[in-house]
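# Observations on the three-dimensional arrangement
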Amino acid sequence: MENFDEQQGPQEETFLSRDGDGRRRTVLIAAFEGWNDAGEAASDTVKFLAKAWHARKVSVLEPDDYYDFQFTRPMVRTTASGERKLRWPGTRIHRASVPGTSVDAILVSGVEPSYRWRAFTAEILAQAEELGVDRVMLLGALLADVPHTRPLPVTVSSEDRALQERLNLEPSTYQGPTGIVGVLAELARLAGLPAISLWATVPHYVAQSPSPKAQLSLLHRIEEVLQVPIEPGDLAEDADAWERGVNELASDDPDIAGYVRQLEEATDTAELPEASGESIAREFERYLRRRGKGDGRTQGEQG
């Protein structure tokens, strides 16, 4: 019989487990606006987690060291009190304790820097060490030939061999230009921090932000990998509204409508084997966790 943590499921299969010693775990979750962030799905996901987990800000990276303000300009906003306020582009680090679990999260969000990427990532990793980070989770989003009417896939990969074996992951096969997420993943590996990358797909014909359906897919994968419950709140309704809106736009353009049908047929054919008992059990476990009933008695422990 497997050893279960009441909040996190089977320990030997989780991203955060470490020999079932019962200690708190600290995971760094990072996403950056820009090249790595189609539809802003990744950065919006980190913002969602910061709000859902009541994160508090612990530090801000000095923007003058890393940004070209002619390319990434500061923004002027008017507050609720009518005061005009200047907000500089930058990278902010928040900390949260995931409710009802033994997991702490260090949430890193900001704009992909213009300069000094090695110094930028080194500063983040130095702060990660000070904050006791055990694991690193990097989020990204890319444009792809996927239909908006189907669940948007999220690929999970790692260059850490131990994680590959334990979680049945593959290394990334991508070759070409990379963004700050790729650089941070490599330097985390060199620093001895096990890292995992989650990339959501966004339909290329609706690339504008926000992309709530891709964001929802990312949240589901994070929930699955971390084995912690994440309540989506209004995001599920936002995703449904987004899909209805795209449906209306596609119905006005026969070419787009035909293209979407082709993508649907290709997706349905490719994903037919996924309707397995294992995938159904995984969805049921997620359902239980969201309702606070995930006590580990879902497989092999009944009776």
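Residues numbered from 1 in each chain as written. Predicted model: local features only at pLDDT ≥ 70, side-chain atom pairs only at ≥ 80, totals over all residues. Heavy atoms only, no water.

## Some thoughts on the environment of Leu193
For clarity, the threshold we go by: Each helix corresponds to a stretch of at least 4 residues labelled H or I by DSSP, and each strand to a stretch of at least 2 residues labelled E; elements are numbered beginning at the N terminus. Burial status follows relative accessibility: with a 1.4 Å probe on protein chains alone, a residue under 20% of its type maximum counts as buried, one over 50% as exposed, and anything between as partly exposed. In this analysis, two residues are considered to be in contact whenever any of their non-hydrogen atoms come within 4.5 Å of each other.
With respect to the helices and strands, the residue Leu193 is situated in the loop between helix 4 (180-190) and strand 11 (195-203). Residue Leu193 is classed as buried on the basis of its relative accessible area, which comes to 16%. Linking Leu193 and Leu125, residues 68 residues apart in sequence, is a C-alpha distance of 9.3 Å. Excluding its chain neighbours within four sequence positions, the residues that come into contact with Leu193 are Leu125, Val133, Asp134, Arg135, Val136 and Ala188.

## As for the pattern of salt bridges
Note the threshold: We define a salt bridge as a side-chain nitrogen of Lys or Arg found within 4 Å of a carboxyl oxygen belonging to Asp or Glu.
On inspection of all chains with the given rule, the structure shows eight salt bridges. Ionic pairing is found between Arg95 and Asp104, a salt bridge with its closest N-O pair at 3.8 Å. Judged by its relative accessible area of 22%, Arg95 is partly exposed. Taking the relative accessible area as the measure of exposure, Asp104 reaches 9% and is therefore buried.

## Concerning the sheet that holds strand 4 (residues 56-61)
Worth spelling out the cut-off: For two strands to pair, DSSP has to find at least two bridges joining them. Think of each axis as a best-fit line through the C-alpha atoms, taken over the contacting stretch in the case of a helix, with angles from 0 to 180 degrees between the N-to-C directions.
Read from one edge to the other, the open sheet built from seven strands follows the order 4-7-8-3-9-11-10, with strand pairing classed as mixed. The outermost strands of the open sheet, each flanked by one partner alone, are strand 4 and strand 10 (154-157). With strand direction ignored, the average angle separating the axes of adjacent strands in the sheet is 20°. In this structure, strand 7 (residues 91-97) lies alongside strand 8 (residues 103-111), joined through seven bridges in antiparallel fashion. Within strand 8, the residue paired with Ile93 across the bridge is Val108. Helix 5 (residues 212-226) rests against strand 3 (25-33), strand 9 (135-144), strand 10 and strand 11 of the sheet, and its axis sits at about 155° to strand 11.

## Considering the pairing of strand 9
A large share of strand 9 lies buried, amounting to eight of its 10 residues. Note that strand 3 and strand 9 share four bridges and pair parallel. Bridging from a neighbouring strand, Leu28 pairs with Val136 of strand 9. Pairing geometry for strand 9 and strand 11, over nine bridges, is parallel. From the neighbouring strand, Gly140 faces strand 11, where its bridge partner is Trp199.

## As for helix 6 (residues 235-251)
Since the α-helix turns once every 3.6 residues, residues separated by three or four places project in the same direction. Rules: To estimate the expected span of a helix, subtract one from its residue number and multiply by 1.5 Å. Think of the arc as the fan of directions from the helix axis to the C-beta atoms.
A rise of 1.5 Å per residue sets the reference length of helix 6, with its 17 residues, at 24 Å; its end C-alpha atoms lie 24 Å apart and thus fit the reference within 8%. Within helix 6 the residues assigned to the buried category are Leu235, Ala239, Trp242, Glu243, Val246 and Ala250. Taken end-on, helix 6 shows its buried residues confined to a sector of 100°, consistent with a single buried face. Away from the buried face of helix 6 by more than 90 degrees, exposed residues Glu237, Glu248 and Ser251 are located.

## Description of the packing of aromatic side chains
Quick note on the threshold: For this analysis, a ring pair means two rings from Phe, Tyr or Trp (six-membered ring only for Trp) whose centres lie within 6.5 Å, classed as stacked if their planes differ by under 30 degrees, edge-to-face if by over 60, and tilted for the remaining angles.
The tally for this structure, following the rule as stated, stands at four aromatic pairs. With 5.2 Å between their ring centres and 80° between their planes, Tyr66 and Phe120 make a pair best called edge-to-face. Within this pair, whereas Tyr66 is found in the loop between strand 4 and strand 5 (75-78), its partner Phe120 is found in helix 2 (residues 117-130), the two being separated by 54 residues in sequence. Take Tyr66 and Phe120: they sit in the same class, and that class is buried.

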